[in-house]
Amino acid sequence: MGYNLRLQEPRIVIKGNQVTGPVWSLGVGFVVIAGPCAVESRDSLLEIAHLLAEEGVRIMRAGIFKPRTSPYSFRGLGEEALPMIAEAKERFGLSVVSEVMSPEDIPVMAQVVDMFQVGSRNMFNYRLLEAVGRAGKPVLLKRGMMASLREFLWSAEYIALEGERRIALCERGVRGFDTETRNLLDLSAVPLLKARTYLPVIVDPSHGTGRSELVIPMARAALAAGADGVMVEVHPDPSRALSDGPQALDFPGFRRLMSHLRELEGVVSRLKSSKED
Ligand code: PEP
Ligand code: MN
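Q: How should I be thinking about the site of ligand 1 in this particular structure?
A: Close to ligand 1 lie R61, K66, E99, Q117, G119, S120, R121, K142, R172, H207 and M231. At 2.8 Å, a side-chain N or O of R61 approaches an oxygen atom of ligand 1. Protein contacts shield 97% of the accessible area of ligand 1, which totals 300 Å² for the unbound molecule. Classifying every residue of the shell around ligand 1 gives one nonpolar, four polar and six charged.

Q: How should empty space enclosed by the protein be read in this particular structure?
A: All chains considered together, the criterion is met by two cavities of 30 Å³ or more. Each pocket or cavity is described by its volume, and for the largest cavity that value is around 40 Å³. Residue lining of the largest cavity: C37, R61, A62, G63, K66, V97, S98, E99 and Q117, and that is the complete set. With three residues, strand β7 (residues 95-99) is the largest single contributor of residues to the lining of the largest cavity. When grouped by side-chain class, the residues that make up the lining of the largest cavity number three nonpolar, three polar and three charged.

Q: Can you help me understand the coordination of the manganese ion (ligand 2) in this one?
A: Angles at a metal have ideal values that depend on geometry: 109.5 degrees with four tetrahedral donors, 90 or 180 degrees with six octahedral donors. Protein ligation of the manganese ion (ligand 2) involves C37 (SG), H207 (NE2), E233 (OE) and D244 (OD), the donor distances falling in the range 2.0 to 2.4 Å. The sequence pattern describing where the donors of the manganese ion (ligand 2) fall on their chain is C-x169-H-x25-E-x10-D. Residue H207 is located in helix α7 (residues 205-209), and its partner E233 is located in strand β12 (residues 229-233); the two are separated by 26 residues in the primary sequence. You can call H207 buried: its relative accessible area is 9%.

Q: Explain the packing of helix α4 (residues 126-133) against helix α5 (residues 149-161) to me, please; I cannot follow it from the model alone.
A: To describe two helices that pack against each other, one gives the angle between their axes and the distance between the axes. Closest axis-to-axis distance for the α4/α5 pair is 7 Å, and the angle between their directions is 45°. In this view, α4 runs oblique relative to α5, as classed from their interaxial angle. In this structure, α4 crosses over α5, and the sense of that crossing is right-handed. Note on element contacts: α5 touches α4 through S155, Y158 and I159, opposite Y126, L129, E130, V132 and G133. Here the residues of the contact of α4 with α5 are counted per class, giving five nonpolar, two polar and one charged.

Q: Looking at this model, I keep getting lost on the pattern of salt bridges. Mind explaining?
A: Working definition: two side chains of opposite charge can pair if their charged atoms are close together. Scanning all chains against the criterion turns up 18 salt bridges. A salt bridge links R211 to E213; the shortest N-O distance between them is 2.7 Å. A relative accessible area of 46% places E213 in the partly exposed class.

Q: How should the environment of G253 be read in this particular structure?
A: Examined against the element boundaries, G253 turns out to sit in helix α9 (residues 251-276). Given a relative accessible area of 2%, G253 falls into the buried group.

Q: Hey, could you run me through helix α6 (residues 189-196) in this one?
A: Taken together, the buried positions of α6 are A189, V190 and L193. Along the axis of α6, the buried positions cluster into a sector of 100°, meaning they face one direction only. Along its buried surface, α6 packs onto α5, β10 (167-171), β11 (201-203) and α8 (212-225).

Q: Would you mind going over the environment of R255 with me for this structure?
A: If you trace the backbone, R255 turns up in helix α9. With 203 residues separating them along the chain, R255 and L52 place their C-alpha atoms 9.2 Å apart.

Cut-offs and rules
- Residues numbered from 1 in each chain as written.
- Chains lettered and ligands numbered in written order.
- Predicted model: local features only at pLDDT ≥ 70, side-chain atom pairs only at ≥ 80, totals over all residues.
- Heavy atoms only, no water.
- Near = heavy atom within 4 Å.
- Polar contact = N/O pair within 3.5 Å; in protein donor to acceptor, adjacent residues only side chain to side chain.
- Areas by Shrake-Rupley, 256 points an atom, 1.4 Å probe, with all protein chains shown as cover.
- Nonpolar A, V, L, I, M, F, W, Y, C, P; charged D, E, K, R; others polar.
- 1 Å grid on protein atoms, 1.4 Å probe; cavity = no way out; pocket = protein on both sides within 12 Å on 5 of 7 lines; lining within 4 Å.
- Points joined across faces, edges and corners; volume = space filled by probe spheres on them.
- Helix = DSSP H or I, 4+ residues; strand = E, 2+ residues; numbered from the N terminus.
- Donors = N, O, S within 2.8 Å, 3.2 Å for Na, K, Ca; no water.
- Buried < 20%, exposed > 50% of the residue type's maximum accessible area, 1.4 Å probe, protein only.
- Axes fitted to C-alpha atoms, helices over the stretch in contact; angles between N-to-C directions.
- Parallel < 35°, antiparallel > 145°, perpendicular 65-115°, else oblique.
- Left-handed = near helix turned anticlockwise from the far one by under 90°.
- Contact = heavy atoms within 4.5 Å.
- Salt bridge = Lys/Arg side-chain N within 4 Å of Asp/Glu carboxyl O.
- Arc of directions from axis to C-beta.

Put into structure tokens, the structure is as follows:
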């Protein structure tokens, strides 16, 4: 399954040694993963999927079970979201990544999800890491909000040791002292992780900043810093979103993001090839 999750040459490092075996890339060129924080309704999901297809995006994020800081916040539609996701995939040819919070949800989610996300709150949940490592699907591992890069890489290792080497590392910000932003997006993690592993590195400027007006500039910075892609939240009407509205791009904002990234990607790849030769 999955149009973009192509197997490629070995890229992972385990305990300092390059391990042979099938590893992967998320797609060709700079990859954009986008979609709602959580699936809210069939109509809004199809609208978003349509936008993504129009913009050439191949991987949609779509929350089914949401880890919320307050138990009274919207916690996702759960299994009700599955047929909506299946329809959006079918109609628009998308792959889907979604967060798994508990090993027991893996079988039902696996019916529609192409890549399992382990969220920031669960980066240290070693039983969950082992379970996704055995689930037979690629994994998007998000950095814990208080995790060092070393701890982050050890968590990736838990997954890899169970056999799943198609892991993407996602920098999503760590706790800072300044309440202007939701998190402190650590872009220095990008070149450090790229230098230490063979894994794709994705940046999440939505959770990384918590503010929609910062998403485009930080996505551009992620591309310039050498990330393999970004993951962003999009909503048809962010002011009415059931979760994370303040950090969601609206549709014009998302189109603007894509146009900036397309233009910058050319500059960055020209720079890379002229300086590396
Ligand atoms: C998410 O991407 O849906 C999410 C909850 O992010 P994080 O785990 O980084 O907080
Ligand atoms: Mn969110």
